[in-house]
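Summary of structural features
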Amino acid sequence: MSGTAETGIVVIGAGQAGLSGAYFLRRAGLAPDEDFVVLDHSPGPGGAWQYRWPSLTYGRAHRVHDLPGLPLADADPDRPSAEVVAEYFERYERVFGLRVHRPVDVSAVREAPGGRLLVETDRGAWSTRALINATGTWDRPFVPHYPGQESFRGRQLHTAEYRGREEFAGQHVIVVGGGTSAVQLLMEIAEVADTTWVTRRPPLFHAGPFGEEQGRAAVALVEERVRSGLPPQSVVSVTGLAATEAVQDARARGLLVRLPMFDRVTPDGVAWDDGRVVRADAILWATGFRAALDHLAPLRLREPGGGIRLDGLTRVAKDPRIHLVGYGPSASTIGANRAGRSAVREVRELLRAPVVAVG
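The following paragraphs examine the structure supplied in this document. Keep in mind the model is a prediction, meaning the values are calculated, not measured.

Parameters at a glance
- Residues numbered from 1 in each chain as written.
- Predicted model: local features only at pLDDT ≥ 70, side-chain atom pairs only at ≥ 80, totals over all residues.
- Heavy atoms only, no water.
- Helix = DSSP H or I, 4+ residues; strand = E, 2+ residues; numbered from the N terminus.
- Buried < 20%, exposed > 50% of the residue type's maximum accessible area, 1.4 Å probe, protein only.
- Contact = heavy atoms within 4.5 Å.
- Areas by Shrake-Rupley, 256 points an atom, 1.4 Å probe, with all protein chains shown as cover.
- Patch = residues over 30% accessible without salt bridge, like charges linked within 9 Å, V, L, I, M, F, W, Y side chains within 5 Å.
- Salt bridge = Lys/Arg side-chain N within 4 Å of Asp/Glu carboxyl O.
- Lys, Arg positive; Asp, Glu negative; His and termini not counted.
- Charge placed at Lys NZ, Arg CZ, Asp CG, Glu CD.
- Pairing = 2+ DSSP bridges.
- Axes fitted to C-alpha atoms, helices over the stretch in contact; angles between N-to-C directions.
- Parallel < 35°, antiparallel > 145°, perpendicular 65-115°, else oblique.
- Left-handed = near helix turned anticlockwise from the far one by under 90°.
- Nonpolar A, V, L, I, M, F, W, Y, C, P; charged D, E, K, R; others polar.

1. Here's the deal with the overall build of the protein chain
- Check the secondary structure of the protein chain and you find seven helices and 18 strands.
- Relative to its 359 residues, the protein chain shows a buried fraction of 48%.
- Contacts spanning at least 24 positions in sequence make up 67% of the contacts within the protein chain whose residues lie at least 6 apart.
- Summed over its atoms, the accessible surface of the protein chain is roughly 16,900 Å², and 50% of this surface lies on carbon and sulfur atoms.

Structure below.
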């Protein structure tokens, strides 16, 4: 495609949230490639799941909630989650005829004449009345900066680059981060290497099931931040870490002994101001991700607090033409489905209203 095409709605991203939005657009009677278009930068179906490390099997992953209209049934828990989810998403796109365009890299979304938005990509541009943004976080791994970081002679990598424990055999690895991924990878790497676990805050483990009441409370806290114009926090910062059987066993064996955050990185490891040092061959930054929203920068949607304030579940307060699904309170797999339905309902109301220029 070249030049500029016109459509009513552009969906950016074909992970859980984007496919949910596309499904509800289809169910509302809108036609793919006519009334709406779905753009995805990945080479194939699967969203961020297709990039997960091979040792993360479906049975060990956070539960992948069913997409609306088509259950994920009878998945082999011993298969890599990347394969299971990619196959499920591919089947979903095919069954509902969503016609996802890929690979398409969106570079910017800008104001356009007539109250429309211009979505610029490496495959041409789309002029649209509304945008459902479902770009997630995988493309923006976050690594905090500490003094001396550039001097480290070993290997530094982020969770997004992790491919398996074998590459660390016989080494000493410092795992930085207090989230679920940090704990999972530390336990895995500890089978072949020596490990040190470092976190900014003492980890909080919760025993027993994490039920609906706890889930609603966690979502409410995330919603409060987003509605205040602050960036959303990680889920674990609100919910704590699940004390699974594997985690309890690792704690009993002394594998999950946490140290406070170091003060600096040295050529041979890390050091604290109290004189403690730890030598290391590798530092694994399991420090999370940030929302991949740089392409929306021309629209100046961010608040002074650094986040994008939402009005309701998905609608951007500064621009009602734009809905963020999979952001903030809808960043979970079940939340993404609910967000997709909500966004489509409000976008359809917007399309029925007279065009009003924003800006």
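2. Things to note about a positive patch on the surface
- Together, Arg140, Arg200, Arg201, Arg290 and Arg302 line one region of the surface with positive charge.
- Examined against the element boundaries, Arg200 turns out to sit in the loop between strand S8 (194-199) and strand S9 (205-206).

3. A look at the sheet that holds strand S12 (residues 264-266)
- Pairing is antiparallel in the open sheet, where three strands are placed in the order S12-S13-S14. Sheet topology places S12 and strand S14 (277-279) at the edges, where each strand pairs with a single neighbour. Taken pair by pair, the neighbouring strands of this sheet meet at an average axis angle of 20°, ignoring direction.
- Both S12 and strand S13 (residues 269-271) contribute to a ladder of three bridges, which runs antiparallel. By the bridge assignment, Arg264 is partnered in S13 with Ala271.

4. Comments concerning the pattern of salt bridges
- Tallying each qualifying case throughout the model produces 19 salt bridges.
- The salt bridge involving Glu120 is made with Arg110; its shortest N-O contact spans 3.1 Å. Of this pair, Glu120 sits in strand S4 (residues 116-121) while Arg110 sits in strand S3 (residues 106-112); the two residues are 10 residues apart in sequence, bridging distant segments of the chain.
- Arg165 is the partner of Glu166 in a salt bridge, and the nearest nitrogen-oxygen pair spans 3.8 Å.

5. Side note on the sheet that holds strand S15 (residues 282-285)
- Ordered by their spatial adjacency, five strands build an open sheet running S6-S15-S7-S8-S11, and the pairing between neighbours is parallel. Edge positions in the sheet fall to strand S6 (155-158) and strand S11 (258-260), since each of these pairs with one other strand and no more. Each strand axis lies, on average, 25° off the axis of its neighbour in the sheet, ignoring direction.
- Bridge analysis of S8 against S11 gives three bridges, and the strand direction is parallel. Residue pairing across strands places Val198 opposite Leu259, the latter belonging to S11.
- Its contacts with the sheet place helix H3 (residues 180-189) against strand S7 (172-176), S8 and S15, and it is angled at close to 165° to S8.

6. Notes on unusual backbone geometry
- Here the amide bond leading from Arg102 into Pro103 is cis, since omega sits at -10°, within 30 degrees of zero.
- Tracing the backbone shows Pro103 in the loop between helix H2 (81-95) and S3.
- Of note, Asp33 is a non-glycine position whose phi angle comes to about 70°, a positive value.
- By the secondary structure assignment, Asp33 is in the loop between helix H1 (16-27) and strand S2 (36-39).
- Positive phi values are uncommon outside glycine, yet Asp74 reaches one of about 60°.
- Locating Asp74 in the fold gives a position in the loop between S2 and H2.

7. So, the packing of H1 against H2
- Where H1 contacts H2, the two axes come as close as 11 Å, and the packing angle between them is 15°. Taken together, the axis directions place H1 and H2 in an arrangement best described as roughly parallel. Here H1 runs over H2; the crossing is left-handed. Along the contact surface, H1 presents Gln16, Leu19 and Tyr23, while H2 presents Phe89, Tyr92 and Glu93.
- Looking at the contact of H1 with H2, its residues break down into four nonpolar, one polar and one charged.

Limitation: the analysis is restricted to geometry and does not speak to function.
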